[in-house]
Amino acid sequence: MKRILALALALAIFALTGGALAEVFTPITVDGDNYLSNLDVCIASINDMELGTNETFSFNAAVGARSEERGYREAPNGRGVAVVGGGVAQVATTIYLAIKNMDSMEVVEKRTYGSDFCEKYVPDTEDAVIADYSQLIDFRFTNHGDAVTISVWRDDSRIYCSIEDADEPGLVTSASIELEAE
């Protein structure tokens, strides 16, 4: 049933946008201003980033240290532990979901929360990516295709990621859509 709903949603988005946009999203399941603020700081450092042919994206290099000096606040991480920068791993997870089925993308470093994951923004704990700057745990992938633009944004209930051809904005190179976890 989920596959039918995902296909119907994909077709509806394709029809509404003329094929110009495909989105992957994860639901925001944690309440709190600090969590949302951390998402905003993180997203601002990644949104509209271009990744050229054979370039490697490093989440930690893009986002930097999660510190109060950089605007991060204490909020729950994927294990439910309050840490400065809690929430940024959900952004990494959303990006991972966007690229994981793309033939041109090669994941070169990824760790997950596994059985320690206690949030609900993805149903499979092996999709819940950890990115911890201070522990040198990174999420990295290499683009072996044409240059792409990574767009990340949020609204009140979801984080979105779109991967588009950098030379032809609106031409989507990933058309996967993730439904909310139940």
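Just above, that's the structure.
Nothing here was measured: the structure is a model prediction, and the numbers come from that model.

(A) A look at the overall build of the protein chain. The helix and strand tally for the protein chain stands at four helices and eleven strands. Counting every position in the protein chain, which comprises 182 residues, the buried fraction comes to 47%. Counting contacts in the protein chain only where the partners sit at least 6 residues apart, residues at least 24 apart contribute 70% of the total.

(B) How the structure looks around the packing of helix H2 (residues 33-46) against helix H4 (residues 88-99). At a minimum axis separation of 8 Å, H2 and H4 run at an interaxial angle of 45°. Overall, the two elements H2 and H4 adopt an arrangement that is oblique. When you trace H2 past H4, the crossing you get is right-handed. Along the contact surface, H2 presents Tyr35, Asn38, Leu39, Cys42, Ile43 and Ile46, while H4 presents Val88, Gln90, Val91 and Ile95. Of the residues contributing to the contact of H2 with H4, the split by class is eight nonpolar, two polar and no charged.

(C) Summary view of the nonpolar core. One finds Ile46, Phe59, Val91 and Ile95 to be the most contacted residues of the largest nonpolar core, which totals 43 residues. Only H2, helix H3 (59-63), H4, strand S8 (129-130), strand S10 (148-154) and strand S11 (158-165) provide two or more residues apiece to this core. Excluding residues that lie within four positions of it along the chain, valine 91 makes contacts with Leu39, Cys42, Ile43, Ile46, Phe59, Val152 and Ile159.

(D) Geometry of the pairing of S11. The element S11 is extensively covered by neighbouring structure, given that seven of its eight residues are classed as buried. In this structure, the hairpin formed by S10 and S11 is closed by a connection of three residues.

(E) Expanded view of a negative patch on the surface. On the surface, Glu50, Glu55, Asp146, Asp167 and Glu168 cluster together to form a negatively charged patch. Looking at the element boundaries, glutamate 50 is found in strand S2 (residues 49-51).

(F) Region of the structure containing the sheet that holds strand S3 (residues 55-58). Reading across the sheet, the three strands line up as S3-S9-S6 and stay open at both edges, with antiparallel pairing between neighbours. Each end of this open sheet is capped by a strand with a single partner; those strands are S3 and strand S6 (105-109). Each strand of the sheet is rotated relative to its neighbour by a mean of 25°, with strand direction disregarded. As paired strands, S6 and strand S9 (residues 140-143) are joined by four bridges and run antiparallel to one another. Among the inter-strand pairings, methionine 105 is bridged to a residue of S9, identified as asparagine 143.

(G) Spatial organisation of the packing of aromatic side chains. For the coordinates displayed, the defined rule picks out seven aromatic pairs. Residues phenylalanine 25 and tyrosine 160 carry aromatic rings whose centres are separated by 6.0 Å and whose planes lie at 55° to one another, so their mutual orientation is tilted. With phenylalanine 25 in strand S1 (residues 24-27) and tyrosine 160 in strand S11, the pair connects residues that are 135 residues apart, well separated along the chain. With a relative accessible area of 5%, phenylalanine 25 lands in the buried category. The exposure class assigned to tyrosine 160 is buried, which follows from its relative accessible area of 9%. Aromatic side chains phenylalanine 117 and tyrosine 121 sit 5.1 Å apart centroid to centroid with 80° between the ring planes, which places their arrangement in the edge-to-face category.

(H) Quick peek at H4. Across its twelve residues, H4 extends 17 Å between first and last C-alpha, which sits within 8% of the 16 Å expected from 1.5 Å per residue. The element H4 is extensively covered by neighbouring structure, given that twelve of its twelve residues are classed as buried. Those residues of H4 that fall on the buried side of the exposure criterion are Val88, Ala89, Gln90, Val91, Ala92, Thr93, Thr94, Ile95, Tyr96, Leu97, Ala98 and Ile99.

Reading guide: rules and limits
- Residues numbered from 1 in each chain as written.
- Predicted model: local features only at pLDDT ≥ 70, side-chain atom pairs only at ≥ 80, totals over all residues.
- Heavy atoms only, no water.
- Helix = DSSP H or I, 4+ residues; strand = E, 2+ residues; numbered from the N terminus.
- Buried < 20%, exposed > 50% of the residue type's maximum accessible area, 1.4 Å probe, protein only.
- Contact = heavy atoms within 4.5 Å.
- Axes fitted to C-alpha atoms, helices over the stretch in contact; angles between N-to-C directions.
- Parallel < 35°, antiparallel > 145°, perpendicular 65-115°, else oblique.
- Left-handed = near helix turned anticlockwise from the far one by under 90°.
- Nonpolar A, V, L, I, M, F, W, Y, C, P; charged D, E, K, R; others polar.
- Core = buried A, V, L, I, M, F, W, Y, C linked by side-chain atoms within 4.5 Å.
- Pairing = 2+ DSSP bridges.
- Patch = residues over 30% accessible without salt bridge, like charges linked within 9 Å, V, L, I, M, F, W, Y side chains within 5 Å.
- Areas by Shrake-Rupley, 256 points an atom, 1.4 Å probe, with all protein chains shown as cover.
- Salt bridge = Lys/Arg side-chain N within 4 Å of Asp/Glu carboxyl O.
- Lys, Arg positive; Asp, Glu negative; His and termini not counted.
- Charge placed at Lys NZ, Arg CZ, Asp CG, Glu CD.
- Phe/Tyr/Trp six-rings, centres within 6.5 Å; stacked < 30°, edge-to-face > 60°.
- Expected span 1.5 Å × (residues − 1).

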